[in-house]
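Okay, here's what each chain looks like letter by letter:
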Amino acid sequence: MRLNRKFTIIFLISLAISIVSLILLSKISSTNNSQDLVIEESTMVRIYLVKPDDNGVVGKKIGCGDRLVYVSEEVIGEDLIKATIEKLLETKQVNNEGLYSAFENSNLIVEKIKYKDQVAFVYLTGSLELSGVCDNPRIENQLRSTVLQFSNISQVEVFVNGVNLEEILSQK
C-alpha cells in the first residue's frame, strides 16, 4: 500500500509539472510574433558593378566606354529584392577585378519597396553623390539591372528622397 501511495504522489507531481510546463510554453509562443520564428536562408544574387573604360566584350555596354558586369553575392532577408539592393548600395569596390560601384560616394538606404503587378517601386533615402556625367548611366543601370534579375519584376521605378531617379539624373 505504501508503494502505491508513493507512485500516486510521484505521478501527481509529474502531472502537475507537465501541466505547468504546457501553460508556460503556450504563453511564450503566444507572445512571440510569427516573424520571429522565420528562418532566413542565404541566397546567391547578382550585384551589377561598373568596369570603367573597358572596351572588352564582357558585360553590357552602358556609355562612356564602361561596361556593366555582375558579381555573385550572398544575401539574407525576407524581401530578397530589398536585401539585394542593400548589398549593392554597401558594395564600394571589387579591387581585384577592376570593378566599382557608382554609389561609392553616396550614402543611401532602402526606405521601402512596393510591388504592383510586375513593377518594383524602390524608395531610397539619403545622399546620392555623382562624380560626373558618366555616373548617370552607371547609377541607373546598376540599380535597374540588379532589380530586373528577378523573374517576377519587369519594370523598376526608383525614387531618391521622394524624387524620381530619372528626374534627378536628367538635371545633372
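Residues numbered from 1 in each chain as written. Predicted model: local features only at pLDDT ≥ 70, side-chain atom pairs only at ≥ 80, totals over all residues. Heavy atoms only, no water.

A. Structural view of the state of the cysteines. Scanning the model with the defined rule gives one disulfide in all. With its sulfur 2.1 Å from that of its partner, Cys-64 forms a disulfide with Cys-134. With the S-S bond torsion at -90 degrees, the cross-link from Cys-64 to Cys-134 turns out left-handed. With Cys-64 in the loop between β2 (60-63) and β3 (66-76) and Cys-134 in the loop between β7 (119-127) and α3 (135-148), this pair connects stretches of sequence that are 70 residues apart. (Disulfide = S-S within 2.5 Å. Helix = DSSP H or I, 4+ residues; strand = E, 2+ residues; numbered from the N terminus.)

B. Local environment of the sheet that holds β7. Here we have four strands laid out as an open sheet, ordered β6-β7-β8-β9, and mixed in their pairing. The sheet terminates laterally at β6 (107-116) and β9 (163-164), the two strands that pair on one side only. Judged from the six bridges that link them, β7 and strand β8 (residues 155-160) form a sheet pairing that is parallel. Bridge pairing links Phe-121 to Glu-157 in β8. (Pairing = 2+ DSSP bridges.)

C. The pattern of salt bridges, seen in detail. By the definition in use, this model includes five salt bridges. The shortest N-O distance in the salt bridge between Asp-135 and Arg-138 comes to 2.9 Å. Residue Asp-135 and its partner Arg-138 are both found in helix α3; the two are separated by three residues, about one turn of the helix. For Arg-138, a relative accessible area of 12% gives the class buried. Each of Asp-66, Asp-135 and Arg-138 takes part in one network of salt bridges that share partners. (Salt bridge = Lys/Arg side-chain N within 4 Å of Asp/Glu carboxyl O. Buried < 20%, exposed > 50% of the residue type's maximum accessible area, 1.4 Å probe, protein only.)

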